[in-house]
Amino acid sequence: MSLVVVLTGFSFLLGLVIGSFLNVVICRYNTGETLWGRSRCFTCGRELSFKELFPLLSFLIQKGKCRNCLSKISWQYPIVEFLTALLFALSFLKISSGVDISMVTRPSFWAALFSAWAFIAILIVIAVYDYRHKIIPDFLVVLAIFLGLLGAWLSLERSGFANQMIFALHGLLLAGPTLALPLAGLWFISYGRWLGLGDAKLAYALGVFLGLSRGIVAFLLSFWIGAIIGLILIILGRFQYLWFRKFSLKSELPFAPFLIAGALLSWLLPANWLSWLIFF
Ligand SMILES: [Zn+2]
């Protein structure tokens, strides 16, 4: 097996484990619970055994139910685990495809990869937290700005202190504000009804990580994704399908998951694909 296949598989498995941890962070953030205690069933309160803690597998084997009280386990768990694993594997492929494969023996390669993984992890926490609570906690978004800056600094696309410094300043002073200001403007004129100020701060973090051109692509993609998903939900809601019933034109969709989906696509997709996407 080639090295790339092995390391992609490793990235995927590590992503499953980290995704499982991110679920704990999402559920316990701001609840006063520590991150280190054993997980329990939310319904019957029984502590989960070792067998029930395997990412993705436990959910599939137990068919999404608690082994003790048979209450349903939230789909959030397997979805977050799988998404984290997929994004970890894809970011390994992205970063390794841009350089010679012998780079995987260098610390700079792993620094670039780990900083990208850390930024992706905080974005996943923010997306799901915003979906659940319709708010982005300040602490998480400040952490995202810091990790975005770190990821941009350690990226292999820019080598040398001068280049790193120029890109960091570009992100902090130009790309970040350019993405954040329109959202802050919408927040201001709508008195916070259309979106939250947290969305503007998140856009700043994305700008710092992506830079201006990829940042603008991310912005356009997130509006497209939001429009398409919004339309699908409205149509399904019209026909009263299942739980889609709860969506209508009036329901407010959280904006952060769309911004984050757009940013990750813009970062992961090859540049020549992106020009096509914008064209349409
Ligand atoms: Zn239970």
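Residues numbered from 1 in each chain as written. Predicted model: local features only at pLDDT ≥ 70, side-chain atom pairs only at ≥ 80, totals over all residues. Heavy atoms only, no water.

Novice: Quick one: what's the story with the coordination of the zinc ion, residue by residue and with numbers?
Specialist: A four-donor tetrahedral metal ideally has 109.5 degree angles, and a six-donor octahedral metal ideally has angles of 90 or 180 degrees. Looking at the zinc ion, the protein donor atoms are C41 (SG), C44 (SG), C66 (SG) and C69 (SG), and they sit 2.3 Å from it. Taken in sequence order, the residues that donate to the zinc ion follow the motif C-x2-C-x21-C-x2-C. Of this pair, C44 sits in the loop between α1 (3–28) and α2 (57–61) while C66 sits in the loop between α2 and α3 (76–97), and the two are 22 residues apart along the sequence. (Donors = N, O, S within 2.8 Å, 3.2 Å for Na, K, Ca; no water. Helix = DSSP H or I, 4+ residues; strand = E, 2+ residues; numbered from the N terminus.)

Novice: Describe in detail the pattern of salt bridges, supporting the description with residues and values.
Specialist: What the rule picks out here adds up to 6 salt bridges. Here E52 and R67 are joined by a salt bridge, their closest N and O atoms 3.7 Å apart. With E52 in the loop between α1 and α2 and R67 in the loop between α2 and α3, this pair connects stretches of sequence that are 15 residues apart. A salt bridge links K201 to D138; its shortest N-O distance comes to 2.5 Å. Separated by 63 residues along the polypeptide, K201 in helix α7 (residues 197–210) and D138 in helix α5 (residues 138–154) bring together distant segments of the chain. Looking at K201, the relative accessible area reads 28%, which means it is partly exposed. The structure contains a network of salt bridges with shared partners spanning R46, E52 and R67. (Salt bridge = Lys/Arg side-chain N within 4 Å of Asp/Glu carboxyl O. Buried < 20%, exposed > 50% of the residue type's maximum accessible area, 1.4 Å probe, protein only.)

Novice: Residue-level account of unusual backbone geometry, with values.
Specialist: Despite not being glycine, L70 shows a phi value in the positive range, around 65°. Its place among the elements puts L70 in the loop between α2 and α3. For K134, which is not glycine, the phi torsion reads 55° and is therefore positive. Residue classification places K134 among the partly exposed positions, given a relative accessible area of 44%.

Novice: For a nonpolar patch on the surface, give the residues involved together with the corresponding values.
Specialist: On the surface, W75, I79, F82, L83, L86, L90 and L93 cluster together into a nonpolar patch covering about 640 Å² of accessible area. Mapping L90 onto the fold places it in helix α3. (Patch = residues over 30% accessible without salt bridge, like charges linked within 9 Å, V, L, I, M, F, W, Y side chains within 5 Å. Areas by Shrake-Rupley, 256 points an atom, 1.4 Å probe, with all protein chains shown as cover.)

Novice: Explain the domain arrangement of the protein to me, and be specific about the residues and the numbers.
Specialist: According to the domain assignment, the protein consists of domain 1 (1–105) and domain 2 (136–280). Using only C-alpha atoms to locate each centre, domain 1 and domain 2 end up separated by 24 Å. Between domain 1 and domain 2, the contact holds 8 residues from the first and 9 residues from the second. Summed over both sides, the interface between domain 1 and domain 2 buries roughly 760 Å², with carbon and sulfur atoms accounting for 80% of that surface. A per-residue breakdown of the area domain 1 buries against domain 2 is headed by Y29, L87 and K94, which together make up 64% of the total. Linking domain 1 with domain 2 are 1 salt bridge, by the criterion used here. Ionic pairing is found between E157 and K94, a salt bridge with its closest N-O pair at 3.6 Å. (Domains from an automatic or database assignment. Contact = heavy atoms within 4.5 Å. Buried area = accessible area lost by both parts, 1.4 Å probe.)

Novice: Kindly report on the packing of α3 against helix α9 (residues 256–268), identifying the contributing residues and their values.
Specialist: One can describe the packing of α3 onto α9 by two numbers: an axis separation of 10 Å at closest approach and a directional angle of 30°. Taken together, the axes of α3 and α9 lie roughly parallel to each other. Between α3 and α9, the residues in contact are L87, L90, S91, K94 and I95 and L264, W267 and L268, respectively. For the contact of α3 with α9, the class distribution of residues is 6 nonpolar, 1 polar and 1 charged. (Axes fitted to C-alpha atoms, helices over the stretch in contact; angles between N-to-C directions. Parallel < 35°, antiparallel > 145°, perpendicular 65-115°, else oblique. Nonpolar A, V, L, I, M, F, W, Y, C, P; charged D, E, K, R; others polar.)

Novice: Tell me about the layout of surface pockets, residues and numbers included.
Specialist: Counted as a void, the second largest pocket has a volume near 930 Å³. In this structure, the second largest pocket is lined by 35 residues; those nearest its centre are S39, R40, L48, L53 and Y77. Put simply, the parts of the chain that give the lining of the second largest pocket at least two residues each are α1, α2 and α3. Here the residues of the lining of the second largest pocket sort into 17 nonpolar, 9 polar and 9 charged. (1 Å grid on protein atoms, 1.4 Å probe; cavity = no way out; pocket = protein on both sides within 12 Å on 5 of 7 lines; lining within 4 Å. Points joined across faces, edges and corners; volume = space filled by probe spheres on them.)

Novice: With reference to specific residues and values, describe the nonpolar core.
Specialist: Grouped together as the largest cluster of nonpolar side chains are 51 residues, with contacts concentrated most on I126, L183 and L202. Considering every element that reaches this core, the biggest residue donor is helix α4 (residues 107–133), with 14 residues. Counting contributing residues, this core receives three or more from each of domain 1 (1–105) and domain 2 (136–280). (Core = buried A, V, L, I, M, F, W, Y, C linked by side-chain atoms within 4.5 Å.)

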